[in-house]
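# Coordinate analysis (summary)
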Amino acid sequence: MRTEFLPLDPSGLSRVRVHTPVGSTVAVWRGGLNNAVGWHHIEWTVDGDILWGRNTRSATLAEPEVREEAGQVVLRGLLQLSEDGAAVLQVGDSQLLFDVGSPPPPDNTWVEISVEADQVELYPYAP
């Protein structure tokens, strides 16, 4: 995925705009500042649980998307629950792990999850 470095925000967090095959958004960059611009393999980390009816709802479209909306990152993907109370959201080629709050969402369904932009972090890695 391609990243662009953005000016530091008032909190001092390093942010990038990440361009994915299914959309773009702003997220916190957890790699070195000298490599914040360019093409990367990245791991997504979201610091937030799935709260059905609050930050998670059924998607109106059954296709993956990443976008910004009102200062939040919106992730649309196929959600699959595991027996240990966790969930995997498949967003295009990426998989994001979440803990699930009560009540749990339906299994194997398309959802949109909205989280504050500073709760989404990107970690570059070499495959």
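A brief structural summary.

Each value, and the rule that gives it
Residues numbered from 1 in each chain as written. Predicted model: local features only at pLDDT ≥ 70, side-chain atom pairs only at ≥ 80, totals over all residues. Heavy atoms only, no water. Helix = DSSP H or I, 4+ residues; strand = E, 2+ residues; numbered from the N terminus. Buried < 20%, exposed > 50% of the residue type's maximum accessible area, 1.4 Å probe, protein only. Areas by Shrake-Rupley, 256 points an atom, 1.4 Å probe, with all protein chains shown as cover. Lys, Arg positive; Asp, Glu negative; His and termini not counted. Charge placed at Lys NZ, Arg CZ, Asp CG, Glu CD. Patch = residues over 30% accessible without salt bridge, like charges linked within 9 Å, V, L, I, M, F, W, Y side chains within 5 Å. Salt bridge = Lys/Arg side-chain N within 4 Å of Asp/Glu carboxyl O. Pairing = 2+ DSSP bridges. Core = buried A, V, L, I, M, F, W, Y, C linked by side-chain atoms within 4.5 Å. Contact = heavy atoms within 4.5 Å.

Scanning the chain for helices and strands turns up zero helices and 12 strands. Walking the chain from its N terminus toward its C terminus, one meets helices and strands in the order β-β-β-β-β-β-β-β-β-β-β-β. Taken along the three principal axes of its C-alpha coordinates, the chain extends 40 × 30 × 25 Å. Scored against the burial criterion, the 127 residues of the chain give a buried share of 38%. When the accessible surface of the chain is totalled, it reaches about 7000 Å², and 50% of it is carbon and sulfur. Averaging the positions of the 8 positive and the 18 negative side-chain charges in the chain gives two centres separated by 7 Å.

It is worth spelling out a negative patch on the surface at this point. There is a patch of like negative charges on the surface, built from Asp-47, Asp-49, Glu-83, Asp-84, Asp-99, Glu-116 and Asp-118. Among the secondary structure elements, Asp-49 is positioned in the loop between β5 (41-46) and β6 (56-58). For Asp-49, a relative accessible area of 38% puts it in the partly exposed group.

Let us now look at the pairing of strand β7 (residues 65-69). As a general feature of sheets, a regular strand has side chains that alternate between the two faces. Pairing analysis gives five bridges linking β7 to strand β8 (residues 72-81), with the strands arranged antiparallel. Counted as the bridge partner of Glu-69 is Gln-72 from β8. Here β7 hands over to β8 after two residues, with Ala-70 in that stretch at a positive phi of 55 degrees.

The subject of this paragraph is the pattern of salt bridges. This structure, assessed with the given rule, holds nine salt bridges. Taking the shortest distance from any N to any O, the salt bridge between Glu-112 and Arg-57 comes out at 2.7 Å. Taken together, the residues Glu-112 in strand β11 (residues 109-116) and Arg-57 in strand β6 connect sequence positions 55 residues apart. With relative accessibility at 38%, the residue Arg-57 sits in the partly exposed group. Between Arg-76 and Glu-65 there is a salt bridge whose closest N-O contact spans 2.5 Å. One end of the pair, Arg-76, is in strand β8; the other, Glu-65, is in strand β7, and 11 residues separate them in sequence.

Quick look at the nonpolar core now. If you look at the biggest cluster of nonpolar residues, it comprises 24 residues, and the most contacted ones within it are Trp-44, Leu-75, Leu-89, Phe-98 and Leu-122. Of all the secondary-structure elements, those providing two or more residues to this core are β2 (15-20), β3 (23-29), β5, β8, β9 (86-91), β10 (94-99), β11 and β12 (120-125). Discounting residues that sit within four places of it in the chain, Phe-98 has contacts with Val-46, Gly-48, Ile-50, Leu-75, Ala-86, Ala-87, Leu-89 and Ile-113.

Function cannot be read off these values alone, since they describe shape.
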